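# Fold and geometry: a report
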Amino acid sequence: MREIRRIVIVGGGTAGWMTAAALALRLLGKDGEARWSLQLIESDEIGIVGVGEATIPPIRNFNAFIGLDEDEFLRETGGSFKLGIEFVDWGERGERYMHAFGDVGRPLDALPFHQHWLRLGAPGSLADYSLNNQAALAGRFMRPRPEMAGSPLAGIAYAFHFDASRYAALLRRHAEAAGVQRTEGRIARVERDDGSGHIRRLVLQGGQVVDGDFFIDCSGLHALLIDKALGVPFEDWSHWLPCDRAWAVPTASCGPLLPFTRATAQESGWQWRIPLQHRTGNGHVFASAFVDEATARETLLSQLEGEALAEPRIIRFRTGRRREAWVGNCVAIGLSSGFLEPLESTSIHLIQSAILRLIELLPDTEFASANAAEYNRQFAAEMESVRDFIILHYKLTRRGDSPFWRHCRDMAVPESLWARMDLFAAAGHLDRRGQELFSEPSWLQVFVGQGLRPRGHHPLAELSARPRAQAFVDDVRTVVRRCVEVMPSHADFIAAHCAAP
Ligand SMILES: Cc1cc2nc3c(=O)[nH]c(=O)nc-3n(C[C@H](O)[C@H](O)[C@H](O)COP(=O)(O)OP(=O)(O)OC[C@H]3O[C@@H](n4cnc5c(N)ncnc54)[C@H](O)[C@@H]3O)c2cc1C
């Protein structure tokens, strides 16, 4: 076996620096530095995409993995806590619901909570039974208290909002301290081996040459290696996910610091609102087949809640994925490997899981095709399951007030999603497949939130005596309310633990 020795990461955005920090930790510790070198190339002139400020709970595992202290991370990035995403005007104009992290209720008689709820005629709103949902609406937050076993407070699930540029800078400091070498410059040429087709070296503008054994393409939407050098085809999913542009603009903070992201449906797309400590991130994601860029810009500016702090910036993208993310001696991580649009804040998570997958399947110089094949299989499965979850939000709209929403409502969706929708519509069955990212409570909240009420419920729910089931459901609602009452406000929690300087 011959080890790969020189690993080159192209790109210093969130993907590049997350990869560098994690690989440095796993490869350069102990006597690793003698075996491997890690070099990252980024171009200040090109810059980073600079969005990507909302996350989902597994980010906490990544930060812990690379040894980031959570309070320090929040102070450094001006970050805030996130308990879920509120969807406004998605099912129908005037409606709102939350996809909150964590559980909705708890099981009874070996059946999930929602089966009893359905059997009782769906009393109240599903939101009443989710601690995260109620805490978010009340603007409250605290970290879980594992010692309070049996209470919802023991397992509060949360993620973060943060400033993407500051996160990249923080990761860079960690990665450089762990031995990653950074090179600034614009890559002008990629040279490949005539026989194997493997990438051999990168030539920077100005002539500097960087040789490597293994290359990680974190060059974002430029996809410098995986696309421009290797020509790996892109599987286009825009017929299911038609949004392909975003205007982004920061505003001054106004109103209370909310512990959730808001996604408000617009005529031809939707608008995000991400509260940070020092500003609010806003963006209008839209489909250029349905609205022109100038009109979309006006829509964004007319809906802002605070004073704009900069000129809006446009980002153009395509939804879909690379047919293969790993080819030969190159693996693409981050936007270069594909993008699903920002609706459920999954992109940073996909970076994180790609890094862990790469560490698990780390190649030697033989570059066994089995490693790449397994990597690509997992990559495809993960992207497709997240894709289906995002499509669901569009497909389940009942809006018919604009061509965009009529298109979404009437479009055909992947077979895999149809099957899930049918299953839920019949008797509320939720089927988590393998290790997929979104678990049953996530699918449940979106199905119900978008207005799909199952025709029936699980027959076994009838075995629980109705008064007992009713008392159980009422108790869950009361416990949730009481738990929220003891939580501090989000703003007070941040002031006490992790206020940015
Ligand atoms: C509108 C929008 C909103 C988003 N919102 C979210 C969100 O809320 N949550 C989430 O998880 N994700 C979100 N994402 C995705 C998220 O922004 C990205 O996954 C994340 O920022 C990683 O980007 P990246 O590092 O792959 O690319 P980039 O940040 O673009 O970095 C690319 C790097 O490659 C370098 N580079 C490129 N070409 C060259 C060259 N020739 N020579 C040298 N260097 C080069 C650049 O200098 C840069 O350093 C969003 C994306 C978009 C488009």
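These figures come from a predicted structure and were not determined experimentally.

This part is about the overall build of the protein chain. When helices and strands are counted, the protein chain shows 16 helices and 21 strands. In terms of overall size, the protein chain behaves like a compact globule, its C-alpha atoms giving a radius of gyration of 23 Å where 501 residues would be expected to give roughly 23 Å. Each principal axis of the C-alpha distribution contributes one length, and for the protein chain these read about 75 × 50 × 50 Å. For the protein chain, the residues scored as buried account for 55% of the 501 residues in total. Considering only residue pairs separated by 6 or more positions, the protein chain has 77% of its internal contacts joining residues 24 or more positions apart. On the protein chain, roughly 20,100 Å² of surface is accessible, and the fraction owed to carbon and sulfur atoms is 50%. In the protein chain, the 55 positive side-chain charges and the 62 negative ones have mean positions that sit 2 Å from each other.

As a further point, take the domain arrangement of the protein chain. Here the domain parsing of the protein chain yields domain 1 (6–53 + 163–236 + 320–384), domain 2 (100–154 + 414–490) and domain 3 (245–316). Taken over C-alpha atoms, the centre of domain 2 sits 30 Å from the centre of domain 3. On the domain 3 side, the residues contacting the four residues of domain 2 number four residues. When domain 2 packs against domain 3, close to 360 Å² is buried across both sides, 76% of that on carbon and sulfur atoms. Its largest share of buried area at the contact with domain 3, domain 2 owes to Ala-136, Gly-139 and His-490, together 87% of the area lost on that side. Between domain 2 and domain 3 we count zero salt bridges in total. Remark: the boundary between domain 2 and domain 3 carries one residue pair in polar contact (both at pLDDT 80 or more).

Tallied over the full model, the rule gives 44 salt bridges. We note a salt bridge from Arg-245 to Glu-293, for which the minimum N-O separation is 2.8 Å. Of this pair, Arg-245 sits in strand E13 (residues 245–251) while Glu-293 sits in helix H9 (residues 293–302), placing them 48 residues apart in sequence. Taking relative accessible area as the criterion, Glu-293 reaches 23% and is therefore assigned partly exposed. The salt bridge partner of Asp-388 is Arg-387, with a shortest N-O separation of 3.1 Å. Each member of the pair, Asp-388 together with Arg-387, is buried. Ionic contacts of the salt-bridge type, sharing partners, join the residues Glu-86, Arg-96, Arg-262, Arg-273 and Glu-305 into one network.

So, about the site of the ligand. The full set close to the ligand counts 34 residues, and Gly-12, Ala-54, Ile-187, Ser-347 and Ile-348 are the nearest of them. Taking Val-49, its main chain carries an N or O atom lying 3.1 Å from an oxygen atom of the ligand. Between Ala-54 and the ligand, the recorded distance is 2.7 Å, taken from a backbone N or O atom to a nitrogen atom. Elements with a contribution of two residues or more to the shell around the ligand: helix H1 (14–27) and helix H10 (347–360). Counting residues per element, the shell around the ligand draws most heavily on H10, which supplies three residues. Across the shell around the ligand, the residue classes tally to 17 nonpolar, 14 polar and three charged. Two domains each provide a minimum of three residues to the shell around the ligand, namely domain 1 (6–53 + 163–236 + 320–384) and domain 3 (245–316).

Before going further, it helps to spend a moment on the layout of surface pockets. Computed from the structure, the second largest pocket encloses a volume of approximately 860 Å³. Forming the walls of the second largest pocket are 34 residues, and the residues nearest its centre are Arg-432, Gln-435, Glu-436, Leu-437 and Phe-438. Per-element accounting of the lining of the second largest pocket gives the leading share, eight residues, to helix H11 (residues 369–395). Counted by class, the lining of the second largest pocket contains eleven nonpolar, eleven polar and twelve charged residues. Mapping the lining of the second largest pocket onto the domain boundaries places at least three of its residues in each of domain 1 (6–53 + 163–236 + 320–384) and domain 2 (100–154 + 414–490).

The next point concerns the sheet that holds strand E18 (residues 320–322). Judged by pairing direction, the sheet is antiparallel, and its three strands sit side by side in the order E12-E18-E21 without closing on themselves. Both outer strands of the open sheet, strand E12 (234–236) and strand E21 (338–339), are each paired with one neighbouring strand and no more. Bridge count between E18 and E21: two bridges; the pairing is antiparallel. Along E21, the bridge assignment pairs Gly-320 with Phe-339. Against the sheet, H11 makes contact with E18 and E21, and its axis sits at roughly 175° relative to E18, the strand it touches most.

Thresholds applied
- Residues numbered from 1 in each chain as written.
- Predicted model: local features only at pLDDT ≥ 70, side-chain atom pairs only at ≥ 80, totals over all residues.
- Heavy atoms only, no water.
- Helix = DSSP H or I, 4+ residues; strand = E, 2+ residues; numbered from the N terminus.
- Rg over C-alpha atoms; globule rule 2.2 N^0.38 Å.
- Buried < 20%, exposed > 50% of the residue type's maximum accessible area, 1.4 Å probe, protein only.
- Contact = heavy atoms within 4.5 Å.
- Areas by Shrake-Rupley, 256 points an atom, 1.4 Å probe, with all protein chains shown as cover.
- Lys, Arg positive; Asp, Glu negative; His and termini not counted.
- Charge placed at Lys NZ, Arg CZ, Asp CG, Glu CD.
- Domains from an automatic or database assignment.
- Buried area = accessible area lost by both parts, 1.4 Å probe.
- Salt bridge = Lys/Arg side-chain N within 4 Å of Asp/Glu carboxyl O.
- Polar contact = N/O pair within 3.5 Å; in protein donor to acceptor, adjacent residues only side chain to side chain.
- Near = heavy atom within 4 Å.
- Nonpolar A, V, L, I, M, F, W, Y, C, P; charged D, E, K, R; others polar.
- 1 Å grid on protein atoms, 1.4 Å probe; cavity = no way out; pocket = protein on both sides within 12 Å on 5 of 7 lines; lining within 4 Å.
- Points joined across faces, edges and corners; volume = space filled by probe spheres on them.
- Pairing = 2+ DSSP bridges.
- Axes fitted to C-alpha atoms, helices over the stretch in contact; angles between N-to-C directions.

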